[in-house]
Every structure is written in C-alpha cells, then in structure tokens.
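# Architecture at a glance
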Amino acid sequence: WDNADFSRGIGTTFYQEFPTLNTAKPPFVRDVEAKVRRYLRSSYSAAWTLKITWEKAPAYAARTDSQRTITYQAILTTDGFRSYVLMLYQEGGMRWDYTRLAATNVLIGYT
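Residues numbered from 1 in each chain as written. Predicted model: local features only at pLDDT ≥ 70, side-chain atom pairs only at ≥ 80, totals over all residues. Heavy atoms only, no water.

## A word on the packing of aromatic side chains
Counted under the stated rule, the structure contains four aromatic pairs. Aromatic side chains Y72 and Y89 sit 6.2 Å apart centroid to centroid with 25 degrees between the ring planes, which places their arrangement in the stacked category. In this pair, Y72 is assigned in strand β3 (residues 69–78) and Y89 in strand β4 (residues 83–89), connecting sequence segments 17 residues apart. For Y89, a relative accessible area of 26% gives the class partly exposed. An aromatic cluster of three or more residues is present, and its members are W54, Y72 and Y89. A cation sits over an aromatic face here: K51 above F28, 4.5 Å from the ring centre. (Phe/Tyr/Trp six-rings, centres within 6.5 Å; stacked < 30°, edge-to-face > 60°. Helix = DSSP H or I, 4+ residues; strand = E, 2+ residues; numbered from the N terminus. Buried < 20%, exposed > 50% of the residue type's maximum accessible area, 1.4 Å probe, protein only. Lys NZ or Arg CZ within 6 Å of the ring centre and 35° of its normal.)

## Structural notes on the pattern of salt bridges
Any two side chains of opposite charge can pair, so long as their charged atoms come close to each other. Counted under the stated rule, the structure contains four salt bridges. The salt bridge involving K25 is made with E33; its shortest N-O contact spans 2.6 Å. You can call E33 buried: its relative accessible area is 4%. Between K35 and D31 there is a salt bridge, and its shortest N-O distance comes to 2.8 Å. With a gap of four residues between them, K35 and D31 both fall in helix α1 (residues 27–40), about one helical turn apart. D31 gets classed as partly exposed once you look at its relative accessible area, which sits at 37%. Taken together, the shared-partner salt bridges in this structure form one network comprising K25, E33 and R37. (Salt bridge = Lys/Arg side-chain N within 4 Å of Asp/Glu carboxyl O.)

## Considering the pairing of β3
Counting buried positions along β3 yields seven of 10 residues, so the element is predominantly enclosed. Bridge analysis of strand β2 (residues 48–58) against β3 gives nine bridges, and the strand direction is antiparallel. By the bridge assignment, T53 is partnered in β3 with Q73. As paired strands, β3 and β4 are joined by seven bridges and run antiparallel to one another. Pairing of T77 across the sheet is with Y84, part of β4. Here β3 folds back onto β4, and the loop between the two strands holds four residues, one of which, G80, carries a positive phi near 95 degrees. (Pairing = 2+ DSSP bridges.)

## Considerations on the side chain of T53
Tracing the chain through its elements places T53 in strand β2. By relative accessible area, T53 is classed as buried at 13%. At 2.9 Å, the side chain of T53 forms a polar contact with the side chain of Q73. Apart from residues lying up to four places away in sequence, T53 is in contact with T12, T13, F14, T71, Y72 and Q73. (Polar contact = N/O pair within 3.5 Å; in protein donor to acceptor, adjacent residues only side chain to side chain. Contact = heavy atoms within 4.5 Å.)

The structure is reproduced here in structure tokens:
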C-alpha cells in the first residue's frame, strides 16, 4: 500500500460494519464466508465483518496526478478465533503511476 491523498477533495472512503454473531447474515457476509471457505478449504462462519472502500483515491501527493485514481477494498472478517482480510482491486489493477511515487519498488497486496 502507498499513501492515498484525499486532501484535494478527490476520492472518498466508505466503511460498513456487519456484526453477525447472533443475527441473520446479509448476502455480502455469506459471500465473504464462501470465499474464505473456498480459498482455505475450511469451514468458516463470520461473527463480524468490516468492509472498507477507497473510491477514486489519488496517490500521494494528489497535486502531482489527480487523474489516475484507484478504487479498492479491504474486507476484514473474524469468527472470534480466526481472522482474515480480503483485498480487492478494481478491474485493471493499480492505476497510480508508480514512477511518480516516493518509493518505486511497490507491490499490490501484503506480506
């Protein structure tokens, strides 16, 4: 991840919490559970899920390039014992011009 810069009024951040320990699960949470089960080949039932969306986020510093924005999401989910994160990027991948970033050895994802 690199620094997104919302200081020029470009882009927005949204979040939505899904506490589902003792409630009916919305389709979004059921989809997250299905992805965790499929990718990890294990049973999983979410007790809590958080979806964060960065929409049309410009890279830091926005004054250098406010046209190349990116929309991405992080979905955090836990059953109270195990926790997972799903990272989703818009189709076409990262659109920031990495040659203009402070660090040019950038990767999408995490380790």
